[in-house]
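Residue strings, one per chain:
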Amino acid sequence: MINETQARDLIGSTAYGSDGEKIGKVGQLFFDDQSGRAEFVTVNTGLFGTKETFVPVADAQFDGSDLRLPYGKDKIKGAPSVDVEGGHLDRAEEDRLYEYYGLGSGTSYDTTTTTDTTTGTAGTTGTAGTTGTAGTKGTAGHVAPAGRDTSGPSTDDAMTRSEERLDVGTTSQEAGRVRLRKYVTTETETRTVPVTKERAVVESEPVTGGNLDDALDGPAISEEEHEVVLHEERAVANKKTEPVERVRLGTETTVDEETVSEDVRKERIEVEGDVDDRRS
């Protein structure tokens, strides 16, 4: 049972159905004018919470942060739309809601809304002359219109047709992650470099007057050896590390189009009988 002292904390809390699914935020709390007992809460449902749905709270439980309602999410979302005038829920609307939730007819006559812990005055009813049945006089000098409401208490001479509008927006969510990772591979590079080598060459020259003295220097017959040191170049590879590029992660935004489909309810008004339908 929701008591009046819980109203301030109840407003804005999150409502959950009997199936554990989240339904929406609590918008208003309605108390019975005579008993002061909490009768209904409204829960913001529909796309982006644009619809306010009435739910009885006789068997609801409130733990200080969440409101647990004794009905499933689909049952609550399908509740009939209710018009509240002057912060009051009239008897016909109450009965319609109680019947929908399988609770029979309500026992109170008027129910007052509150957004904190303030409630209506117990037993408050409309002022004299503001109500009346079809075909009788209400306030002095005013006669009720020819049309009358056959489904409940008389209201006015017109029927209001309402429909739900689909409001579509966007929300941001994480779509994935991209990561840079650096690792080492080994490749073989082949380069060609020219190298020089020395080789021995044997040459002979005839003895002439110019080299005769060198030819006769030394014993006439002897043994001896001559040698020459040969040199050659070899290819040598040395490695050094140097930076070649910089790589970083960034983001860019592209624009795509997505199609959103949602069921919306629309009221239709049919005419029965012999009447000139002048609707556009």
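From a predicted model like this one, the values you see are computed outputs, not experimental measurements.

Enquirer: Account for the overall build of the protein, naming residues and giving values.
Expert: From N to C terminus, the protein includes four helices and eight strands. Start at the N end of the protein and walk to the C end: the helices and strands fall as α-β-β-β-β-β-β-α-β-α-β-α. Here the protein, with 280 residues, has 20% of them falling under the buried criterion. When the accessible surface of the protein is totalled, it reaches about 23,300 Å², and 46% of it is carbon and sulfur.

Enquirer: For a negative patch on the surface, give the residues involved together with the corresponding values.
Expert: Taken together, Glu203, Glu205, Asp213, Asp214 and Asp217 make up a surface patch of like negative charges. Tracing the backbone shows Asp214 in helix 4 (residues 212-216). Given the relative accessible area of 63%, Asp214 is considered exposed.

Enquirer: I'd like a rundown of helix 3 (residues 91-100), residues and numbers included.
Expert: Those residues of helix 3 lying buried are Glu93, Glu94, Asp95, Leu97 and Tyr98. Measuring from the backbone nitrogen of Ala92 back to the side-chain oxygen at the start of helix 3 gives 3.3 Å, which picks out Asp90 as the cap. Gly102, located one to two residues past helix 3, shows a positive phi value of around 75°.

Enquirer: Could you give an account of the packing of aromatic side chains, with specific residues and numbers?
Expert: According to the stated counting rule, one finds five aromatic pairs in the structure shown. Plain terms: the ring middles of Phe30 and Phe54 are 5.1 Å apart, the flat faces sit at 50° to each other, and that makes the pair tilted. Of this pair, Phe30 sits in strand 2 (residues 22-32) while Phe54 sits in strand 4 (residues 51-56), placing them 24 residues apart in sequence. On the basis of relative accessibility, which here comes to 4%, the residue Phe54 falls in the buried class. Relative to Tyr101, the ring of Tyr100 lies with its centre 5.0 Å away and its plane at 85°, an arrangement referred to as edge-to-face. Joined through ring pairs, the aromatic side chains of Phe30, Phe40, Phe54 and Tyr98 make up one cluster. The residue whose ring lies beneath Arg68 is Tyr16, and the NZ or CZ to ring-centre distance is 4.5 Å. Over the ring of Tyr100 we find Lys75, and its NZ or CZ is 4.1 Å from the ring centre.

Here is what the cut-offs are and how they apply
Numbering of residues starts from 1 in every chain and runs along the sequence as written. With pLDDT at 70 or above as the cut-off, local features in this predicted model cover only qualifying residues; side-chain atom pairs require 80 or more to be listed or tallied, and sums for whole chains, interfaces and linings still use all residues. Hydrogen atoms and water are omitted, and side-chain values are computed over all heavy atoms in the structure. Here a strand is any run of E in DSSP of at least two residues, a helix any run of H or I of at least four, and the numbering for each starts at the N terminus. Each residue's exposure class comes from its accessible area (1.4 Å probe, protein chains only) as a fraction of the maximum for that residue type: buried when under 20%, exposed when over 50%, partly exposed otherwise. All accessibility values rest on the Shrake-Rupley procedure with a 1.4 Å probe; residue burial counts only the protein chains present in the view. Grouping into patches uses exposed residues only, defined as over 30% relative accessible area, and leaves out salt-bridged ones; the cut-off is 9 Å for like charges and 5 Å for nonpolar side chains (Val, Leu, Ile, Met, Phe, Trp, Tyr). Salt bridge, as used here: a side-chain nitrogen of Lys or Arg that lies within 4 Å of a carboxyl oxygen of Asp or Glu. Residues scored as charged are limited to Lys and Arg (positive) and Asp and Glu (negative), so that His and the chain ends carry no count. The location of each charge is read from NZ of Lys, CZ of Arg, CG of Asp or CD of Glu. Counting of polar contacts relies on pairs of N or O atoms within 3.5 Å, with two restrictions inside protein: one atom must be capable of donating a hydrogen and the other of accepting it, and residues adjacent in sequence are counted only when both atoms are side-chain atoms. We call Phe, Tyr and Trp rings a pair once their centres come within 6.5 Å, taking the six-membered ring for Trp, and we label the pair stacked below 30 degrees between planes, edge-to-face above 60, and tilted otherwise. For a ring to carry a charge above it, either NZ of a lysine or CZ of an arginine must fall within 6 Å of the ring centroid while also lying within 35 degrees of the normal to the ring plane.

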